[in-house]
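Examination of the molecular architecture
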Amino acid sequence: MIEKFQSYFTKLERLSDDELDRSAQTLVKSENRSVAKLIAHLAEMSERKTALKLGYKSLYDYAERRLNLSEGAVPARIHVANVSRRFPQLLAALAESRISLTVACLLAPHLSEDNVEKLISDCAGMRRRETEEYLVALKPKPVFAPSIRKRPVQAESSQTTSTPPPSPPSTPPPAEPPKSSPPILQPATPEVYNFRFSATRDFKDKFERLAEVVGVANAQKNMAEILEKALDIALDKKDPKKKLERRRKRQEKASEPSRSERDGEKEERAESRYVASEVSERVHERDGYQCSYFAPDGTRCSSRVGLHLDHRSPFGIFHNNEEQGLRLLCAAHNLLMAERVYGVDFVQQKISERRKSRSP
């Protein structure tokens, strides 16, 4: 098998980028059809109780031990299998790659004979987060009330006393509006706290934009890092202690003699890659705060994180910092452009040298 994949890699190396792309799409379509058929198998096995007959304690246990599926792969497949006989449209959409397995799993509990076609059509091509935002309109979740509270201490079992339940009132109480879920700010470990709160859509949009500005990818998985950076920025700008530290540093720097004064000669500004902040801001605005790389078929890179100012005409050759020659590129496409101009070996050598110079 190892030799087979070594040979396969050799075959892939001969393909062009377009051929690799088409091949990958074909494989994904084939995989989705296979997943849909497997889910149909699981649905039939659930109906017949096949897993129990084969000696497994559940269909989940069968999928894990007999089919050797990972723990993370089993729940979604069984979840969709449970509704697939009633709504085969779900498997059809999955097999045709109109929706992903994750989206099929999210849709499953919301389907009915009246809405199945509309929900699948509306969610076609959506990702998990987009689907969750779409479905929350069908079944809103409780809104959290903001608060800070200490984690309750568990009482000792020996100190607990049972009290009889209160007698039911003679008349039913008036219906109360549903209560929102309690917020959380509780210690999970001595050094880590759990946070949970609700916010508006404007807050969500600002948070996602903040993630792009501070250069943190995958905002949803790195909320703590992004919020901590935001707190540092706010404190650095508003905290009187920080302001005093900056003023003292400026005063110390102003009192020191300049290099030209020390050397008794006039400094000459060397040619560099420096781009004025106002020019950088205009380039960011012009490119829509997004990587400006376009594929040959017109597809534009969607990255808005970790953007770099790139010289269309390589600075190392033309030494030109004019605004019209600048563009925004993400780190990956910036590296790709550098490799096209200078060659992969040269770029990797420079990266290696930079890493060595930074290492202690």
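Each chain carries its own residue numbering, running from 1 in the direction its sequence is written. The predicted origin of the model limits local features to residues at a pLDDT of at least 70 and limits the giving and counting of side-chain atom pairs to 80 or more, whereas totals for whole chains, interfaces and linings rest on all residues. Heavy atoms throughout the structure, all of them, feed into the side-chain values; hydrogens and water do not.

1. Describing the environment of A230
Rules: Only DSSP runs of H or I covering at least 4 residues are called helices, and only runs of E covering at least 2 are called strands; the numbering of each starts at the N terminus.
Its place among the elements puts A230 in helix α11 (residues 223-238). Taking the C-alpha atoms as reference, A230 lies 9.5 Å from F207; in sequence the two are 23 residues apart.

2. Comments concerning the packing of aromatic side chains
Selection rule: When the centres of two rings from Phe, Tyr and Trp lie within 6.5 Å, Trp using its six-membered ring, the rings pair. Their planes under 30 degrees apart give stacked, over 60 give edge-to-face, and anything left gives tilted. Only protein chains enter the calculation, and the probe is 1.4 Å; a residue is then buried if its accessible area is under 20% of its type maximum, exposed if over 50%, and partly exposed in between.
Tallied over the full model, the rule gives three aromatic pairs. Ring geometry for F5 against Y8: centres 6.3 Å apart, planes inclined by 80 degrees, an arrangement best described as edge-to-face. You can see F5 and its partner Y8 sitting in helix α1 (residues 2-13), three residues apart, about one turn around the helix. Relative to F346, the ring of Y342 has its centre 5.7 Å away and its plane inclined at 35 degrees; by these criteria the two rings are tilted. Among the residues examined, Y342 registers a relative accessible area of 32% and is labelled partly exposed. Of the residues examined, F346 reaches a relative accessible area of 38% and is grouped as partly exposed.

3. Quick word on a nonpolar patch on the surface
Rules: Grouping into patches uses exposed residues only, defined as over 30% relative accessible area, and leaves out salt-bridged ones; the cut-off is 9 Å for like charges and 5 Å for nonpolar side chains (Val, Leu, Ile, Met, Phe, Trp, Tyr). Only the protein chains shown count as cover for residues, with accessible areas throughout obtained via the Shrake-Rupley method and a probe of 1.4 Å. Within this document, salt bridges are pairs made up of a side-chain nitrogen of Lys or Arg and a carboxyl oxygen of Asp or Glu, the two lying within 4 Å of each other.
Side chains of M1, F5, Y8, F9 and L27 sit close together on the surface and give an oily, nonpolar patch of about 570 Å² of accessible area. Top element by residues in the nonpolar patch is α1. It accounts for three residues. Residue classification places F5 among the partly exposed residues on the basis of a relative accessible area of 46%.

4. As for the pairing of strand β4 (residues 326-330)
Inclusion rule: Any two strands with at least two DSSP bridges between them are considered paired.
With respect to burial, β4 is a largely interior element, five of its five residues being buried. On β4, burial covers both faces: L326, L328 and C330 on one face and R327 and L329 on the other are all buried. Across five bridges, the pairing between strand β3 (residues 307-311) and β4 is antiparallel. Bridged to H308 within β4 is L329.

5. Considerations on unusual backbone geometry
Despite not being glycine, N68 has its phi angle at roughly 60 degrees, a positive value. Structurally, N68 can be placed in the loop between α4 (59-65) and α5 (74-84). Positive phi is not limited to glycine here, since Y289 has a value of about 55 degrees. Mapped onto the secondary structure, Y289 falls in the loop between α14 (277-286) and β3.

6. A closer look at a negative patch on the surface
Our working rule: Counted as positive: Lys and Arg. Counted as negative: Asp and Glu. His and the chain ends are not counted at all. Just so you know, the charge point we use is NZ for Lys, CZ for Arg, CG for Asp and CD for Glu.
Residues D17, D18, E19, D21 and D297 make up a contiguous surface patch of negative charge. Looking at the element boundaries, D21 is found in helix α2 (residues 17-48). The exposure class of D21 is partly exposed, given its relative accessible area of 42%.

7. Structural notes on the nonpolar core
Threshold: To qualify as a nonpolar core, a set must consist of buried Ala, Val, Leu, Ile, Met, Phe, Trp, Tyr and Cys residues joined through side-chain atoms within 4.5 Å. What makes two residues a contact is simply this: any of their non-hydrogen atoms within 4.5 Å.
I39, L59, V80, L90, L101, L107 and L111 are the most contacted members of the largest nonpolar core, which totals 36 residues. When contributions to this core are tallied by element, the ones reaching two or more residues are α2, α4, α5, α6 (89-95), α7 (101-107) and α8 (116-122). Those residues in contact with V80 that lie beyond four places of it in its chain are I39, L90, L91, L101, A104 and C105. Membership of the second largest hydrophobic core comes to six residues, among which are Y293, C301, L329 and C330.

8. Some words on the pattern of salt bridges
As enumerated under the stated definition, the model contains 18 salt bridges in all. Two residues, K350 and E353, come together in a salt bridge whose shortest N-O distance is 4.0 Å. Here the residue K350 and the residue E353 both occupy positions in helix α17 (residues 344-358), the gap between them amounting to three residues, near one helical turn. Exposure remark for K350: the relative accessible area of 40% places this residue in the partly exposed category. For E353, a relative accessible area of 40% translates into the label partly exposed.

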